[in-house]
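Structural features, examined
Each chain, letter by letter, is given below.
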Amino acid sequence: MGATDTLSQAQNEALDNYVKSLFTAYTSSSNTLPLISKGLKLNLDQTFKSVDYTYYTQNKDGSYNATTQATFGNAMGTHAENWTFKITAQGNSYFASVFNYTIDKNYINQGGK
C-alpha cells in the first residue's frame, strides 16, 4: 500500500494504521476526529472503504508529509480521493493537519512515483 524512500517498514506500517484510523473517524466519529486532527470536518455522507496508496516523507522537524489516495462510498457509488497532509507524532500516536484534497505539485520531486 505504501511507498517511502527513507522510513522503516515499522514506521510505514504505523503511519498507514494511523491514516486508516483518521479516515474512519472522518466518516464516522465526531468525538474522535478532533482528538487526532485539525482542519478536517466530519463527513457523515460518505463511508471510508480503503486506503489505496500512501507515500510519506519525513521533515527535518520529525513530522511527515503524507500523500494518499483513499476510496470512499456514498449513495452514488464509490470514488477515489487524493489527499496530502502533515502528520506529527504525539506520544504513541499521531496528529494530522494542513489538509489538501489534491496531490502536491512537488510530489514527483519528493520521490513519489
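Look up a bit, the structure's there.
Our subject in this report is the structure included herewith. Keep in mind it's a predicted model, so treat the numbers as computed, not measured.

Scanning the entire structure with this criterion turns up 13 aromatic pairs. A centroid spacing of 5.3 Å and a plane angle of 85° characterise the contact between Y26 and W83, whose relative ring orientation is edge-to-face. Residue Y26 is located in helix α1 (residues 9-26), and its partner W83 is located in strand β4 (residues 77-90); the two are separated by 57 residues in the primary sequence. W83 matches Y26 in its accessibility class, with the two residues each being buried.

For the rest of this paragraph, the subject is the pattern of salt bridges. Opposite charge on two side chains permits pairing when their charged atoms draw close. For the structure on display, the rule yields one salt bridge. With a shortest N-O distance of 3.8 Å, D61 and K86 are connected by a salt bridge. Of this pair, D61 sits in the loop between β2 (47-58) and β3 (64-74) while K86 sits in strand β4, and the two are 25 residues apart along the sequence. With a relative accessible area of 57%, D61 lands in the exposed category. Accessibility expressed as a relative area gives 28% for K86, which makes it partly exposed.

Cut-off values and rules
Residues numbered from 1 in each chain as written. Predicted model: local features only at pLDDT ≥ 70, side-chain atom pairs only at ≥ 80, totals over all residues. Heavy atoms only, no water. Phe/Tyr/Trp six-rings, centres within 6.5 Å; stacked < 30°, edge-to-face > 60°. Helix = DSSP H or I, 4+ residues; strand = E, 2+ residues; numbered from the N terminus. Buried < 20%, exposed > 50% of the residue type's maximum accessible area, 1.4 Å probe, protein only. Salt bridge = Lys/Arg side-chain N within 4 Å of Asp/Glu carboxyl O.

The values reported here are purely geometric and, on their own, carry no functional implication.
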